[in-house]
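Letter by letter, the chains look like this.
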There are 2 protein chains.
Amino acid sequence: MAEPIEFYFDFSSPYSYIASEQIDALAAKYGRTVEYKPLLLGAVFKASGGAPLTELYGPKAQYAIRDFARSARHAGVPYRQPSRFPIASMAAKRSVVWLQQHRPERTAPFIHAVYRAFFVDDRDISDPAVVSDIAREVGIDTAALTAGIQQPEIKDRLRAQVEQAIEAGFFGAPTIIVDGELFWGNDRMPQIERWLSDGPY
Amino acid sequence: MAEPIEFYFDFSSPYSYIASEQIDALAAKYGRTVEYKPLLLGAVFKASGGAPLTELYGPKAQYAIRDFARSARHAGVPYRQPSRFPIASMAAKRSVVWLQQHRPERTAPFIHAVYRAFFVDDRDISDPAVVSDIAREVGIDTAALTAGIQQPEIKDRLRAQVEQAIEAGFFGAPTIIVDGELFWGNDRMPQIERWLSDGPY
């Protein structure tokens, strides 16, 4: 069995969102699965000297906002620049970790729903009540989820995962690992597909 | 007649090199020409708060070096990481400006030859004597060129062009303008091709 594709993402990252809309089908095409790994991009940036694209030099930030939308259109993915951006999404990330343990088959639908809520419907995914609503919409028992993401074990697991990513030198999102090879950015999807198709090049 | 594609580049930029190897054919396919515009990326970074990728956070710099080579292989472009990097290339840039006035049909061959000298043959393109050798190799009268790039008018023209780019808010290379739309990076080539083919999207 081929290794899963590791998909490190932040809900606040537009390029992660655009890539997330393509990665399941791409993985399936090459007989792979996707292992979703939430990052805390703020912590990653703090360690690596990065910053949200929209907080950079003015013209670069303006370009980024234009490029988010153009890149989404190019990929055929619906996109609307959220009114609050960037945004924290701790409850949503802890939910991913809890789901992976308790309702693994609901993990990907939940991730896609949170992303769409943020990048299409402009919902405030930093609000745990909104996250709970989204979970309900994709058939998750929200009482169990809400209790679950308060468990120290879930919090610790997310924290440990982020620390590992920082120790591994990750510096942005999406970071996509295929058989040990690191690809950074939605714009590396063609290279990822070739790696899956032909192996290392 | 459709507008030329404006191609802003620095000889020290690997992604500009990879894009430069594709842009002439892409332009020709859609009935366009390419207008090459040398940038001084150091001055652009100074104004925009950028830095050479290899001078960033260690793991990001290491990734960049790996990605330069992988992106070149993906594009079918020969690549070897130069032993001196990044590098100044004032004589080569002034040569581009002089050629555009005096030997316009030799401009693109010269640019491609300088890039190959740096990114394939590891020649020191910061050395004016090396630039002169490269010019000779592509059939340029080097006596005229060497005198030409000392003219204040050539120096001023390059400087003015870089200042314009900075005023326009450019922040990196390659910066590629198609009908007023700005694309940044070799990885935007598929989006550029779609823009050329289908118009704005």
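Refer to the structure presented above.
Residues numbered from 1 in each chain as written. Chains lettered and ligands numbered in written order. Predicted model: local features only at pLDDT ≥ 70, side-chain atom pairs only at ≥ 80, totals over all residues. Heavy atoms only, no water.

## Some thoughts on the packing of helix H1 (residues 14-29) of chain B against helix H3 (residues 58-75) of chain B
Packed helices, taken two at a time, are described by the angle their axes make and the gap between the axes.
Residue and element names in this part refer to chain B.
Stage number 1. One can describe the packing of H1 onto H3 by two numbers: an axis separation of 10 Å at closest approach and a directional angle of 5°. Taken together, the axis directions place H1 and H3 in an arrangement best described as roughly parallel. Across the interface between the two elements, Pro14, Tyr15, Ile18 and Gln22 of H1 pack against Ala64, Asp67, Phe68, Ser71, Ala72 and Ala75 of H3. (Axes fitted to C-alpha atoms, helices over the stretch in contact; angles between N-to-C directions. Helix = DSSP H or I, 4+ residues; strand = E, 2+ residues; numbered from the N terminus. Parallel < 35°, antiparallel > 145°, perpendicular 65-115°, else oblique. Contact = heavy atoms within 4.5 Å.)

## With respect to the relation of the copies chain A and chain B
Stage number 1. Its rotation angle being 180°, the transformation that places chain A on chain B also includes 0.0 Å of axial translation and leaves an RMSD of 0.0 Å. Viewed as a symmetry operation, the transformation between the two copies matches a two-fold axis. Judged by C-alpha distance, A:Asp187 is the residue of chain A that lies nearest the rotation axis, at 3.1 Å.
Stage number 2. By residue overlap, the copies meet face to face through one surface: 100% of the interface positions of chain A are interface positions in chain B. (Least-squares fit on C-alpha atoms with pLDDT ≥ 70 in both.)

## Quick look at the packing of H1(B) against helix H9 (residues 189-198) of chain B
All names here are of chain B.
Stage number 1. For the pair H1 and H9, the least separation of the axes is 11 Å and the interaxial angle reads 15°. In terms of orientation, H1 lies roughly parallel with respect to H9. In the crossing of H1 with H9, the sense of the turn from one axis to the other is right-handed. From H1, Ala19, Gln22, Ile23, Leu26 and Lys29 reach across to H9, where they touch Met189, Ile192, Glu193 and Leu196.
Stage number 2. Of the residues that constitute the contact of H1 with H9, the class distribution is six nonpolar, one polar and two charged. (Left-handed = near helix turned anticlockwise from the far one by under 90°. Nonpolar A, V, L, I, M, F, W, Y, C, P; charged D, E, K, R; others polar.)

## Observations concerning the packing of aromatic side chains
Residue and element names in this part refer to chain A.
Stage number 1. Tallying each qualifying case throughout the model produces 43 aromatic pairs over all chains.
Stage number 2. Judged by centre distance (5.5 Å) and plane angle (70°), the ring pair of Phe7 and Tyr36 falls under edge-to-face. Note that Phe7 is positioned in strand E1 (residues 5-9) and Tyr36 in strand E2 (residues 34-38), a separation of 29 residues in sequence. Side by side, Phe7 and Tyr36 carry an identical accessibility label, which is buried.
Stage number 3. Ring centres 5.5 Å apart and planes at 45° place the aromatic pair Tyr17 and Tyr115 in the tilted group. One end of the pair, Tyr17, is in helix H1 (residues 14-29); the other, Tyr115, is in helix H5 (residues 104-119), and 98 residues separate them in sequence. Each member of the pair, Tyr17 as well as Tyr115, is classed as buried.
Stage number 4. Grouping aromatic residues by their ring pairs yields a cluster made of Phe7, Phe9, Phe11, Tyr15, Tyr17, Tyr36, Phe68, Tyr79, Phe85, Tyr115, Phe118 and Phe119.
Stage number 5. For Arg194, the ring lying beneath its charged end belongs to Tyr201, and the centroid distance is 4.4 Å. (Phe/Tyr/Trp six-rings, centres within 6.5 Å; stacked < 30°, edge-to-face > 60°. Buried < 20%, exposed > 50% of the residue type's maximum accessible area, 1.4 Å probe, protein only. Lys NZ or Arg CZ within 6 Å of the ring centre and 35° of its normal.)

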